[in-house]
Amino acid sequence: MEEKYMREAIRLAQKAKKKGEVPIGAVVVYRGKVIGRGYNLRTKKQMATAHAEVRAIERACKKLRSWRLPDAELYVTLEPCPMCMGTALNARIDRVYFGAYEQKGRSLTRELANANLLNHTVEVTGGVLEKECAEVLTSFFSEMREREKKKRKK
């Protein structure tokens, strides 16, 4: 079941990639049903908080008409940043599944998940469809570097 929802997150990451955004996708699942979807739109919106996870959580909150999402799961293609993990904690999401691991060491995912902030902890599972999730990111940055190289040569 985890792979099914991660594939949906990958599909959303591909949408972000087509728009020139860092390709990260996220879905919120509640009782077996996707209730929130999101992908990165930071560049287009020029908004620091327009991360995939935040956008998916906002949509899920609207769907349930509550800022609390107990029994919900968040699936995201890249290990969440501290802001996104904080958003999941604040929304009282029970479980976070992510695909690719953050390679630059900026993530505090496990520390935040287990810190019992807001009287809540989150169960975290990493590496779900890791290769597929990492490939979307790797190809995006490779293609971006190629475009930049071509621009410099002109």
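Residues numbered from 1 in each chain as written. Predicted model: local features only at pLDDT ≥ 70, side-chain atom pairs only at ≥ 80, totals over all residues. Heavy atoms only, no water.

Visitor: Help me get a handle on the nonpolar core, residues and values and all.
Guide: In this structure, M6, V28, I57, L69, L74 and I93 are the most contacted members of the largest nonpolar core, which totals 47 residues. Of the residues forming this core, the biggest block, seven residues, is contributed by helix α1 (residues 2-18). Aside from chain neighbours lying at most four places away, what touches M6 is Y75, V76, T77, Y97, F98, G99, V128, L129 and C133. (Core = buried A, V, L, I, M, F, W, Y, C linked by side-chain atoms within 4.5 Å. Buried < 20%, exposed > 50% of the residue type's maximum accessible area, 1.4 Å probe, protein only. Helix = DSSP H or I, 4+ residues; strand = E, 2+ residues; numbered from the N terminus. Contact = heavy atoms within 4.5 Å.)

Visitor: Now, about the packing of aromatic side chains: what can you tell me, with residues and values included?
Guide: In the structure shown here, the tally under the stated rule is four aromatic pairs. Residues Y5 and Y75 carry aromatic rings whose centres are separated by 5.2 Å and whose planes lie at 45 degrees to one another, so their mutual orientation is tilted. One end of the pair, Y5, is in helix α1; the other, Y75, is in strand β3 (residues 72-78), and 70 residues separate them in sequence. The pair Y5 / Y75 is uniform in exposure class, with both members buried. With a centroid separation of 5.0 Å and an interplanar angle of 85 degrees, the aromatic rings of F98 and Y101 are classed as edge-to-face. Take F98: its relative accessible area is 0%, and that puts it in the buried class. An aromatic cluster of at least three residues, connected via ring pairs, comprises Y5, Y75 and Y97. The ring of Y39 has R55 lying over it, and the distance from NZ or CZ to the ring centre is 5.5 Å. (Phe/Tyr/Trp six-rings, centres within 6.5 Å; stacked < 30°, edge-to-face > 60°. Lys NZ or Arg CZ within 6 Å of the ring centre and 35° of its normal.)

Visitor: Which residues make up the pattern of salt bridges, and what values go with them?
Guide: Summed over the entire model, instances satisfying the criterion amount to five salt bridges. Ionic pairing is found between R11 and E8, a salt bridge with its closest N-O pair at 2.7 Å. Here E8 and R11 lie together in helix α1, a separation of three residues that amounts to about one turn. When its relative accessible area of 16% is taken as the criterion, E8 is described as buried. When the shortest N-O distance is used, the salt bridge between E8 and R37 registers 2.7 Å. (Salt bridge = Lys/Arg side-chain N within 4 Å of Asp/Glu carboxyl O.)

Visitor: Describe the side chain of K17, listing the residues and the values that go with them.
Guide: Among the structural elements, K17 can be located in helix α1. Among the polar contacts made by the side chain of K17, one reaches the side chain of S139 at a distance of 2.6 Å. Those residues in contact with K17, other than ones at most four positions away along the chain, are P23, V136, S139, F140 and E143. (Polar contact = N/O pair within 3.5 Å; in protein donor to acceptor, adjacent residues only side chain to side chain.)

These results come straight from atomic positions and should not be treated as a statement about function.
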